[in-house]
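# Coordinates in review
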Amino acid sequence: RNGVSDRVRFVRANAMHELRRLVKEGERFDLVVCDPPAFARNRKEAEGAARGYRELARRALVLTRPGGVHAAASCSHNVDRGLFVRCLAEASVGAGREARIFHSAGASPDHPVLATVPETEYLKFVLVRVGT
């Protein structure tokens, strides 16, 4: 309906498996968007979630052409912004790719953070310019 079917491909798959397959096949993209469901529903899951974010980002960074953009999001309250960015940094080292965050955001104004409920500040989003 949007007239982009000749330029856009939509795939429904397990992201980790699909990203592995695409990397193996040597695919590269100008834009790679990763917006997974919450990886950590409680504090005990935070370390495992961090491993998941690192691996997802590493694969996405390898798939992104130099000069391209990786859009990374997290909705896990138990993975704070600092840990999320550290996961991206570690992923860039693992991928052997420079990652420059040029935009960072949280929830939009229609999704306010309640001062008395820190769990409401759970949305994180960054745009990363990928280097060589």
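Below is a short write-up of the structure. Computed from a predicted model, the values in this text were never measured in an experiment. (Residues numbered from 1 in each chain as written. Predicted model: local features only at pLDDT ≥ 70, side-chain atom pairs only at ≥ 80, totals over all residues. Heavy atoms only, no water.)

### A look at empty space enclosed by the protein
Inspection of every chain in the model, using the stated rule, returns one cavity of 30 Å³ or more. The calculated volume of the largest cavity comes to roughly 70 Å³. Taken together, Cys34, Tyr53, Arg54, Leu56, Ala57, His70, Ala72, Ala73, Phe84, Cys87 and Leu88 make up the lining of the largest cavity. Of all the secondary-structure elements, those providing two or more residues to the lining of the largest cavity are helix H2 (46-63), strand S2 (64-74) and helix H3 (81-95). (1 Å grid on protein atoms, 1.4 Å probe; cavity = no way out; pocket = protein on both sides within 12 Å on 5 of 7 lines; lining within 4 Å. Points joined across faces, edges and corners; volume = space filled by probe spheres on them. Helix = DSSP H or I, 4+ residues; strand = E, 2+ residues; numbered from the N terminus.)

### A closer look at the pairing of strand S1 (residues 29-34)
The side chains of a regular strand alternate, residue by residue, between the two faces of the sheet. The sheet contact formed by S1 and S2 spans five bridges and is parallel. Within S2, the residue paired with Cys34 across the bridge is Ala72. (Pairing = 2+ DSSP bridges.)

### A short note on the packing of aromatic side chains
Aromatic ring pairs are reported here in terms of the distance separating the ring centres and the angle at which the planes meet. Evaluation of the coordinates by the stated rule reveals two aromatic pairs. Relative to Tyr53, the ring of Phe39 has its centre 4.6 Å away and its plane inclined at 35 degrees; by these criteria the two rings are tilted. Taken together, the residues span a long stretch of sequence, with Phe39 in the loop between S1 and H2 and Tyr53 in helix H2 at a distance of 14 residues. Arranged with centres 5.4 Å apart and planes meeting at 85 degrees, the rings of Tyr53 and Phe84 form a pair that is edge-to-face. (Phe/Tyr/Trp six-rings, centres within 6.5 Å; stacked < 30°, edge-to-face > 60°.)

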